[in-house]
Amino acid sequence: MPGFLEKMNRSAAIGTILALGWYLIRVVPQVVTHPLDEVSWKAEMVIAVVIFVVTLIADSIRAAIASQGQLDEADVVDDERDHAAERRGDAWGGHAMHAAAFIALMLLVFELDPFWAANTLFVGAMLAGLTSILVKFLTYRGSI
Amino acid sequence: MSFHEKSNIAMLVLTGGVYAWYFASTANVLLGGSVSPEEALELTNTKMLVTVGAVIIASIVAHIALAIASPSEAEEAADERDRLVEMRGDQRGGFVLALFALAAMASAMTAQPYYLIANLVLAGLVASELVKGVTKLIGYRRGV
């Protein structure tokens, strides 16, 4: 049976997928059909972050209510396995974020529109989050 | 002191030294606005590329020197402690980079000049490397 933090990890995955999906559905078609300075992306980015936060909070509350008995029984929220999963997941997420930041830096150095750097950082951060979540999930399952 | 610990100290000193020089020598451009945004971008781009190249070359030379000084240590594979220290460093470095990435995205959203956004991303990459190095140093000295 998954522990509370594993369920929180699932909440973060749902939030990230919904936020990133919504953002890409809204912005990518505009990039294809409109000139770059007419693409609306700033409000969409803020709304995507709100979607992520609201989903994370709502699903975490749901998981906390569902796991209440389990938390009372264990008397602890996280254990050594949680620490290991957290550390490994965040380390891999950090590597992905580094790659995204380096690409964004090169786009700025070569003077491409800041739209591309901002979107590389945003999509990169979301993908880094998903990488972190996937590595945590695999660590919980004992696959790595 | 293990090879991995020495390698970490070498990278910390190199990154800290090279980028302390970079930010000190470009501070008047970045903060003072003494030149036009186009000139600032050209100036910081050149220095940025030079510092990246300098860090890569210096780190190769430093690692060769460390390996020559103690060849048996250099051949040792990373053990469980090295991996834990590494992961904790990557984890904390990733958090720092994410904060700077957020600031860079906000700068792009508010249409700040290219060179400011690029230098925010670079500052994030450098700060995350320094935090990672210091975390690893503490991890090696005090345990994880």
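Further up the page is the structure itself.
Because the structure is predicted, anything quoted here is derived from the model rather than measured.

> I'm lost on the interface of chain B and chain A in this one. Help?
How large an interface is tends to be reported as the accessible area lost when its parts come together. At the interface, 25 residues of chain B touch 26 residues of chain A. Taking both partners together, chain B and chain A bury about 2500 Å²; carbon and sulfur atoms supply 78% of that area. Broken down residue by residue, the surface that chain B buries against chain A is led by Met105, Met109 and Tyr114 of chain B, which jointly contribute 25%. Put simply, chain B and chain A have 0 salt bridges between them. Contributing elements (two or more residues each) for the side of chain B that touches chain A: α2 (37-69), α4 (80-109) and α5 (114-142) of chain B. No other element matches α4 of chain B, which puts 13 residues into the side of chain B that touches chain A. Class assignment for the residues of the side of chain B that touches chain A results in 18 nonpolar, 4 polar and 3 charged.

> Help me understand the side chain of Thr44 of chain B, please; the structure alone is not making it clear to me.
All names here are of chain B. By the secondary structure assignment, Thr44 is in helix α2. According to the relative accessible area criterion, Thr44 is buried, its value standing at 0%. For Thr44, the contacting residues outside a window of four places in its chain are Tyr22, Thr26, Leu30, Tyr115 and Asn119.

> Before we go on, may I ask you to explain the packing of helix α4 (residues 80-109) of chain A against helix α5 (residues 114-141) of chain A in this structure?
Two measures define how a pair of helices packs: the angle their axes make with one another and the distance between the axes. Residues and elements named next belong to chain A. Where α4 meets α5, the closest approach of the two axes is 7 Å, and the angle between their N-to-C directions is 160 degrees. Taken as axis vectors, α4 and α5 run roughly antiparallel relative to one another. Between α4 and α5 lies a crossing whose hand is right-handed. Per-class residue counts for the contact of α4 with α5 are 19 nonpolar, 7 polar and 6 charged.

> Explain unusual backbone geometry to me, please; I cannot follow it from the model alone.
Excluding glycine, most residues fall at negative phi; most peptide bonds, likewise, are trans. One non-glycine residue with positive phi stands out, namely Glu111 of chain A, at about 60 degrees. Examined against the element boundaries, Glu111 of chain A turns out to sit in the loop between α4 and α5. Phi angles above zero are rare outside glycine, and Ala111 of chain B is one such case at about 55 degrees. Note that Ala111 of chain B resides in the loop between α4 and α5. Judged by relative accessible area, which is 62%, Ala111 of chain B ranks as exposed.

Reading the values: the criteria
- Residues numbered from 1 in each chain as written.
- Chains lettered and ligands numbered in written order.
- Predicted model: local features only at pLDDT ≥ 70, side-chain atom pairs only at ≥ 80, totals over all residues.
- Heavy atoms only, no water.
- Contact = heavy atoms within 4.5 Å.
- Buried area = accessible area lost by both parts, 1.4 Å probe.
- Salt bridge = Lys/Arg side-chain N within 4 Å of Asp/Glu carboxyl O.
- Helix = DSSP H or I, 4+ residues; strand = E, 2+ residues; numbered from the N terminus.
- Nonpolar A, V, L, I, M, F, W, Y, C, P; charged D, E, K, R; others polar.
- Buried < 20%, exposed > 50% of the residue type's maximum accessible area, 1.4 Å probe, protein only.
- Axes fitted to C-alpha atoms, helices over the stretch in contact; angles between N-to-C directions.
- Parallel < 35°, antiparallel > 145°, perpendicular 65-115°, else oblique.
- Left-handed = near helix turned anticlockwise from the far one by under 90°.

No statement about biological role is implied by the geometric values presented.
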